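# Geometric and topological summary
Here are the chains, one letter per residue:
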Amino acid sequence: MTAAVPDAKLKALALPAPAVTTQPPPPLSVSHGLLYAGIAASVAVTVTHPADTVKTRMQLQGELVRQGAQPRYSSTLDCFVGSYKVEGLRGLQRGLPTAIVREFCLNCVRVGLFEPVLATLHDPERGSAPMHTRFAAGILTGCCGAMVTNPLDLLKTRMQAQASGENAMVGHQHGYTGVFDGIRRMVTEEGVQGMYKGVSASMLRLALGSAAQLSTYSRIKEWALTTQGAKDGPL
């Protein structure tokens, strides 16, 4: 009959548990940051594009009403319903491929380059970047994004105005068949200068929006990582 081994001896013989060390994930490379920012924005625009199409058509209708034309839509809801009845879901998603390309390119630059630009303006070894430096980084990346994507922004708006039936009265029908056809015709008919119509307003909008959005986001993210135990990562 085997004698029972005392608990104290069992504990002494037991192997020590391996030490668990948690290392913070390495920071994202610039290329990964650009890619993730572009993909996230491309997914988002597939959901928001119908609302953007309605907004564009309502704005164009306002211009025509000032010229004496009768309004096609009485409200935002009427524009949603009217566009869907006449053109279906395809009408509400008019210009979606162009919007996806635009959002991917825009946010690769605007969001993906924000952290590298901020690190250039403020050495991370000096501690947390002040808000005015974050604002400056947002302004720079926002302006760069506007410069890169203004031709796509113009093309997207024109394609959203393209409609059929009664909806065609809302705006000028350029008849672009796609992204490449639109870019080719814009260059041929209007030149490179024509592709940058409204670029100053676009730069102002994206500079202010990026400064407010990205500076706030980066500061909240830093607070969550340093004081709330949050973990950084691609998601």
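Here the structure is shown first, and the text comes after it.
Here's what I pulled together on the structure shown here.

About the thresholds
Residues numbered from 1 in each chain as written. Predicted model: local features only at pLDDT ≥ 70, side-chain atom pairs only at ≥ 80, totals over all residues. Heavy atoms only, no water. Helix = DSSP H or I, 4+ residues; strand = E, 2+ residues; numbered from the N terminus. Buried < 20%, exposed > 50% of the residue type's maximum accessible area, 1.4 Å probe, protein only. Contact = heavy atoms within 4.5 Å. Areas by Shrake-Rupley, 256 points an atom, 1.4 Å probe, with all protein chains shown as cover. Axes fitted to C-alpha atoms, helices over the stretch in contact; angles between N-to-C directions. Left-handed = near helix turned anticlockwise from the far one by under 90°. Salt bridge = Lys/Arg side-chain N within 4 Å of Asp/Glu carboxyl O. Expected span 1.5 Å × (residues − 1). Bend = angle between axes of the 7 residues up to and from the residue. Core = buried A, V, L, I, M, F, W, Y, C linked by side-chain atoms within 4.5 Å. 1 Å grid on protein atoms, 1.4 Å probe; cavity = no way out; pocket = protein on both sides within 12 Å on 5 of 7 lines; lining within 4 Å. Points joined across faces, edges and corners; volume = space filled by probe spheres on them. Nonpolar A, V, L, I, M, F, W, Y, C, P; charged D, E, K, R; others polar.

Attention now goes to the overall build of the protein chain. Secondary structure assignment for the protein chain yields eight helices and zero strands. Listed N to C, the secondary structure of the protein chain is α-α-α-α-α-α-α-α in terms of helices and strands. Taking all 235 residues of the protein chain together, 35% fall into the buried category. Of the contacts made within the protein chain by residues no fewer than 6 positions apart, 73% connect residues no fewer than 24 positions apart. Surface accessibility of the protein chain: about 14,400 Å² in total, with carbon and sulfur atoms responsible for 66%.

With that out of the way, let us pick up the packing of helix α6 (residues 131-161) against helix α7 (residues 179-194). Contact geometry of α6 with α7 gives a least axis separation of 11 Å together with a crossing angle of 115 degrees. Judged by the sense of rotation from one axis to the other, the crossing of α6 with α7 is right-handed. Contacts from Pro151, Leu152, Leu154, Leu155 and Arg158 in α6 reach Val179, Gly182, Ile183, Met186, Glu190 and Gly194 in α7.

The full count for this structure, using the stated rule, is 13 salt bridges. One salt bridge in this structure joins Arg57 and Glu87, with 2.7 Å as the shortest N-O distance. On the criterion of sequence distance, the pair formed by Arg57 in helix α2 (residues 30-66) and Glu87 in helix α3 (residues 76-92) is long-range, its members being 30 residues apart. Classification of Glu87 as buried rests on a relative accessible area of 12%. With a closest N to O distance of 3.1 Å, Arg134 and Glu222 form a salt bridge. Of this pair, Arg134 sits in helix α6 while Glu222 sits in helix α8 (residues 199-227), placing them 88 residues apart in sequence. The exposure class assigned to Arg134 is buried, which follows from its relative accessible area of 2%. Look at Glu222 and you get partly exposed, because its relative accessible area is 23%. By sharing partners, the salt bridges in this structure join Arg102, Glu103, Asp153 and Arg205 into a single network.

Time to look at α3. The end-to-end C-alpha distance of α3 is 13 Å, clearly below the 24 Å that 17 residues give at a rise of 1.5 Å each. At Val86, α3 shows its strongest bend, of approximately 105 degrees. Every buried residue of α3 is listed here: Cys79, Gly82, Ser83, Glu87, Gly88, Gly91 and Leu92.

The next subject is the nonpolar core. Most often, soluble globular proteins have nonpolar side chains that are buried together. One finds Leu152, Leu154, Leu155, Met159, Tyr176, Val179, Met186 and Met195 forming the largest nonpolar core, which totals eight residues. Mapped onto this core, the elements with two or more residues apiece are α6 and α7. Per-element accounting of this core gives the leading share, four residues, to α6. Contacts of Met186, omitting those with residues within four sequence positions, involve Pro151, Leu154, Leu155, Arg158, Tyr176, Gly191 and Met195. If you look at the next biggest cluster of nonpolar residues, it comprises five residues, including Phe114, Leu118, Ala129 and Leu214.

Any empty space left between atoms is shown by rolling a water-sized probe over those atoms. Volume-wise, the second largest pocket comes out at about 780 Å³. For the second largest pocket, the lining is made up of 35 residues, of which Lys55, Asp153, Lys156, Thr157 and Arg205 are closest to its centre. Where the lining of the second largest pocket is concerned, the elements lending two or more residues are α2, α4 (96-110), α6 and α8. Looking at which element gives the most residues to the lining of the second largest pocket, the answer is α2, with 13 residues. Partitioning the lining of the second largest pocket into residue classes produces ten nonpolar, 13 polar and twelve charged.

What follows is about α8. The terminal C-alpha atoms of α8 lie 41 Å apart, and with 29 residues this matches the ideal 42 Å at 1.5 Å per residue to within 8%. Among all positions in α8, only Val199, Ser202, Leu206, Ala207, Ser210, Ala211, Leu214, Ser215, Ser218 and Ala224 are buried. Lining the buried residues of α8 we find α4, α5 (114-121) and α6. Following α8 by one or two positions, Gly229 has its phi on the positive side, about 75 degrees.

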